[in-house]
Amino acid sequence: MSGDVVWLTRAACRNGDPDALYVTGAAQHEAKRVCAGCPVRFRCLAEALDSGDEYGVWGGMTERERRALRRKHPEVTSWRAQIAKALGQRAADWELVPA
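**Side note on the pattern of salt bridges**
Once the charged atoms of two side chains with opposite charge are near each other, the side chains can pair.
At step 1: Per the stated rule, a full pass over the model turns up three salt bridges.
At step 2: For Arg-33, the salt bridge is made with Glu-30, and the minimal N-O distance between the two is 2.8 Å. Of this pair, Arg-33 and Glu-30 both sit in helix H1 (residues 27–36), three residues apart, roughly one helical turn.
At step 3: Across the pair Lys-32 and Glu-65 runs a salt bridge whose closest N-O atoms are separated by 2.7 Å. Here Glu-65 lies in helix H3 (residues 63–72) and Lys-32 lies in helix H1, a separation of 33 residues in the sequence.
At step 4: According to the relative accessible area criterion, Lys-32 is partly exposed, its value standing at 24%.

**Describing the packing of aromatic side chains**
At step 1: According to the stated counting rule, one finds one aromatic pair in the structure shown.
At step 2: When the centroid spacing of 6.4 Å and the interplanar angle of 80 degrees are considered together, the rings of Tyr-22 and Trp-58 count as edge-to-face. Taken as a pair, Tyr-22 in the segment before H1 and Trp-58 in the loop between helix H2 (41–51) and H3 lie far apart in primary sequence, 36 residues in all.
At step 3: With a relative accessible area of 43%, Tyr-22 lands in the partly exposed category.
At step 4: Classification of Trp-58 by relative accessible area gives buried; the value is 14%.

Thresholds applied
Residues numbered from 1 in each chain as written. Predicted model: local features only at pLDDT ≥ 70, side-chain atom pairs only at ≥ 80, totals over all residues. Heavy atoms only, no water. Salt bridge = Lys/Arg side-chain N within 4 Å of Asp/Glu carboxyl O. Helix = DSSP H or I, 4+ residues; strand = E, 2+ residues; numbered from the N terminus. Buried < 20%, exposed > 50% of the residue type's maximum accessible area, 1.4 Å probe, protein only. Phe/Tyr/Trp six-rings, centres within 6.5 Å; stacked < 30°, edge-to-face > 60°.

Right, here's the structure in full:
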């Protein structure tokens, strides 16, 4: 994870059991549901993709889904910038998460 983690204070999972995001099989579906309405879901996903995090559900994607996405798009050097662009945002604005 990068040094700027202010966004973590807005995460839907911030008060839950962290181990609930490091599950396998069908339990991953429940973990992904926590991410579904999270206001920082895409920032979380970008951080996991950029850092190469190999375990757990991050931003609504399992480790297998993230690996497949990285393999499909090896040209992406910054998932944070790529996802922000796809959302029509600037990556720098992600630090300004509304309350």
